[in-house]
Amino acid sequence: MTEKRPWRPSETRPLAQDELILEQERLLSRLRRELQGMATRAAKVAAKPPQQPDDFADSWAILEPEREPRTMMIDGERGSGKTSLLLTLVQQGRDGQHGELERVRFAPVVDLQPLPRGMPLYAWLMQSLQPLAKRVDALATGCGRSGPNMESQLRQLQHAAIAGWDASDHKSSGTLEDWVYAHGQQLQNWWSLEHKWTAFLDKLFAAVDGREKSPPAGWILVVPVDDLDLYAGDGKQVLLALRRLRHRRLVYLLTGEHAQLELSVRQAIAKELNAPGDPPKEVANLATEMVRKAIPEHLHFRTRRTSLLELAKHKRDQGALGRVPAPPQALTGRADLPDAEAFNMTGLLAAYEAVARSSGELQVRTAFQLLDRLQGQIEDGEDWLMESFLAAWGQAVGV
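Residue numbering note: each chain is counted from 1, following its sequence as written. Only residues with pLDDT of at least 70 are given local features in this predicted model, and only at 80 or more are side-chain atom pairs given and counted; all residues enter the totals for whole chains, interfaces and linings. Hydrogens and water are ignored here; the side-chain numbers use all heavy atoms of the structure.

(A) Representation of the environment of Arg 365 within the structure. Locating Arg 365 in the fold gives a position in helix H13 (residues 364-379). Ignoring anything within four residues of it in the chain, the contact list for Arg 365 reads Arg 78 and Gly 79. Counting from the N terminus, the helices are DSSP H or I runs at least four residues long and the strands are E runs at least two residues long. Contact criterion: two residues are considered in contact whenever any of their non-hydrogen atoms come within 4.5 Å of each other.

(B) Inspection of unusual backbone geometry at higher detail. At Asn 149, a position not held by glycine, the phi torsion is positive, near 55°. Mapped onto the fold, Asn 149 is located in the loop between helix H4 (130-142) and helix H5 (150-166). Residue burial is assigned from relative accessible area. The probe radius is 1.4 Å, only protein chains are included, and a residue is buried under 20% of its type maximum, exposed over 50%, and partly exposed in between. For Asn 149, a relative accessible area of 47% translates into the label partly exposed. A positive phi angle, close to 60°, is found at Asp 227, a residue other than glycine. Inspection of the secondary structure puts Asp 227 in the loop between strand S4 (220-226) and helix H7 (235-244).

(C) Main features of the layout of surface pockets. A volume near 580 Å³ is recorded for the second largest pocket. Taken together, the elements giving at least two residues each to the lining of the second largest pocket come down to helix H2 (82-95), strand S2 (104-106) and H4. No other element matches H4, which puts 5 residues into the lining of the second largest pocket. As defined here, a cavity is a set of points on a 1 Å grid over the protein atoms alone where a 1.4 Å probe fits but cannot get out. A pocket is an open set with protein on both sides within 12 Å along at least five of seven lines, and residues line them when an atom is within 4 Å of a point. Grid points are joined across faces, edges and corners, and a volume is the space filled by probe spheres set on the points.

(D) Structural view of the pattern of salt bridges. Here, a salt bridge means any Lys or Arg side-chain nitrogen found within 4 Å of an Asp or Glu carboxyl oxygen. Per the counting criterion, the structure on display carries 14 salt bridges. Between Arg 26 and Glu 23 there is a salt bridge, with the nearest N and O atoms lying 3.4 Å from each other. In this pair, Arg 26 and Glu 23 are both assigned in helix H1 (residues 22-47), 3 residues apart and thus about one turn of the helix distant. Taking the shortest distance from any N to any O, the salt bridge between Asp 209 and Arg 249 comes out at 3.1 Å. Here Asp 209 is found in helix H6 (residues 176-209), whereas its partner Arg 249 is found in the loop between H7 and strand S5 (250-256), with 40 residues between them in sequence. Taking relative accessible area as the criterion, Arg 249 reaches 6% and is therefore assigned buried. A cluster of three or more residues bridged by salt bridges with shared partners is formed by Glu 34, Arg 41, Glu 68 and Arg 70.

As structure tokens, then:
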């Protein structure tokens, strides 16, 4: 029997196993299997011996064997439970209860909302690795060795990204020499950023791998990026940043609304082409292809709405709905039950009949909040305000 959990108001948090509905369990399972496959493939690439370098190795093209996309997305409208699923996946990785995540580690969540005004996007994304870099340095120093200075190297990378990204936004004194110098610095930093980022991560992973108590061989690092749909900046630049700041052992896991991201990319392209109003069809197609290339279909995980009936079936309500007078009314919207008049609910229940026919779908967060509200009334010993509860449900589904 599932242990009863003390009631608390709904909040964004990891979900326990008994709180997950079937669709959420399936989505998390798909995420775990995909991450497991990425770790397996990354380990095989890492195991290949490097080619013998010559004196000019740094001048040649750097090719990544078996390069594959490294950006995943949990897609859904606001309130569909995206962030809760993300945090649940992170918690499952920390608990070590799922073998698929044995070689997966999660960096701190990067939140794009609110992003401080003027904060350079690239530097903000890089900051998620600061705790790991700091820990590597501390462990090396604690063993009496000089630290690898990974945190310092990360700061240098951030400075290079800021100079490469934002240099042209700062006004010079107006002389031609200043203009040339500023753009020369920008060119140098921007051109070398991707190579420096790859070299930095190679060193960081090697430093972790060299510890006695390190993650399993071939482990990968997932950087969760939350609330992409609330990012007020340019969605196109976010995709380009994730593409530029890539590594075979680094995965970005986004949460957001896929359609909103595509719209943001479309608007950015239209602005660059100076095409106000409704952008041409070619712009829309370009935006669609750009998003699809960054987040291919097999890495696009869609959430969906749920219903109180479905949550009750999975015992997410902890029995609360079973303690409501005439529970079939709440679940099916039937108004022909003998006690309907006793609750003065005839009018409301008649309205819910249409809702019941359309399955009464709710955003996951809204459904959880309604159930938590009900559970709170039970545990606080309040009188049944059934009409109030059903009215809130009706408002949630737009009745």
